[in-house]
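Next come the chains, spelled out residue by residue.
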Amino acid sequence: MTRVPLLALAAAAALAACEAPPPVPLGTDGRPLPRLYVIRAGDAATIQFRMLDAVNSLRRARGLAPLALSAELNAAAFTHSRDMAVQNRPWHFGSDGSSPIDRTRRAGYAGAFQGELISETYETELQTLAAWAEAPTTREILLNPEARDLGFGWFQEANGKIWWTLVTGG
């Protein structure tokens, strides 16, 4: 007799756990609203290698040599992303007037600077790469046959805005 109430209680608990998920908020266009992309401290290597793999997939499709991740170019990219956030504007010059070439040299990169891509967005690294790959001028930097190395860095503000910087060298 004590088994029936126990089974009823277990069934009620199981049904309560089967509650429908909350509805997905939709924008005025009827599409789901984007969720805030939050980068955690331990995500750096994952994000950098995800970007490297994606860029190399684009290059492979064009018959180009893959890029290698460069610690020096990563340092230059992270420094510039933080500096753009401080300046509150996406542009290729540092607050000290430095150019991308200056920053790669300061970071100790021995190769030749090839190009820099920047973005101010709330999008993920792969969404940002897709935008860069669509525009002819930024796509040229990704597919430059002279490039051999890649650096990728970012700075995320407390409100979620991300300042991305991708640097290539060879």
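Preceding this paragraph is the structure being described.
Scope of this entry: the structure provided in the associated data block.

About the cut-offs
- Residues numbered from 1 in each chain as written.
- Predicted model: local features only at pLDDT ≥ 70, side-chain atom pairs only at ≥ 80, totals over all residues.
- Heavy atoms only, no water.
- Phe/Tyr/Trp six-rings, centres within 6.5 Å; stacked < 30°, edge-to-face > 60°.
- Helix = DSSP H or I, 4+ residues; strand = E, 2+ residues; numbered from the N terminus.
- Buried < 20%, exposed > 50% of the residue type's maximum accessible area, 1.4 Å probe, protein only.
- Lys NZ or Arg CZ within 6 Å of the ring centre and 35° of its normal.
- Contact = heavy atoms within 4.5 Å.
- Salt bridge = Lys/Arg side-chain N within 4 Å of Asp/Glu carboxyl O.
- Core = buried A, V, L, I, M, F, W, Y, C linked by side-chain atoms within 4.5 Å.
- Pairing = 2+ DSSP bridges.

### Observations concerning the packing of aromatic side chains
Part 1: Following the criterion strictly, the structure yields 5 aromatic pairs and no others.
Part 2: Look at F152 and W164: their rings are 5.3 Å apart centre to centre, the planes differ by 10 degrees, and that puts the pair in the stacked class. Taken together, the positions of F152 in strand β3 (residues 149–156) and W164 in strand β4 (residues 162–169) put the pair 12 residues apart, joining distant regions of the chain. For the pair F152 and W164, a shared accessibility class is recorded, and that class is buried.
Part 3: An aromatic cluster is built from F78, F152, W154 and W164, whose rings are joined through pairwise contacts.
Part 4: Between the NZ or CZ atom of R82 and the centre of the ring of F155, over which it lies, the distance is 4.5 Å.

### Quick look at the side chain of N56
Part 1: With respect to the helices and strands, the residue N56 is situated in helix α2 (residues 44–61).
Part 2: Filtering out sequence-adjacent residues up to four positions away, N56 remains in contact with P66 and L67.

### Concerning the pattern of salt bridges
Part 1: With the rule as written, the count across this model stands at 5 salt bridges.
Part 2: Measuring nitrogen to oxygen at the nearest pair gives 2.3 Å for the salt bridge that ties R50 to E125. Highlighted residues: R50 in helix α2 and E125 in helix α5 (residues 125–134), separated in sequence by 75 residues.
Part 3: When its relative accessible area of 33% is taken as the criterion, R50 is described as partly exposed.
Part 4: On the basis of relative accessible area, E125 is assigned to the buried category, the value being 1%.
Part 5: The partner of E120 in a salt bridge is K161, and the shortest N-O contact between them spans 2.8 Å. Here the residue E120 occupies a position in strand β2 (residues 113–121), and K161 occupies one in the loop between β3 and β4, the gap between them amounting to 41 residues.
Part 6: For E120, a relative accessible area of 35% translates into the label partly exposed.

### Some remarks on the nonpolar core
Part 1: With 22 residues, the main nonpolar core has V55, W132, L142, F152, W164 and L166 as its most contacted residues.
Part 2: Going through the elements one at a time, α2, α5, α6 (136–142), β3 and β4 are the ones with two or more residues in this core.
Part 3: Here the element with the most residues in this core is α2; it accounts for 5 residues.
Part 4: Once you skip the residues sitting within four places of it in the chain, W132 turns out to touch M51, L117, I118, S119, T138, R139, L142, F152, W164 and L166.

### What to know about the pairing of β4
Part 1: Summarising burial for β4: 8 of the 8 residues are buried, a large majority.
Part 2: With 8 bridges connecting them, β2 and β4 associate as antiparallel partners. Along β4, the bridge assignment pairs I118 with T165.
Part 3: Judged from the 8 bridges that link them, β3 and β4 form a sheet pairing that is antiparallel. Opposite D149, over in β4, you have G169 as the bridge partner.
Part 4: In this structure, the hairpin formed by β3 and β4 is closed by a connection of 5 residues, where G160 is found at a positive phi of approximately 105 degrees.

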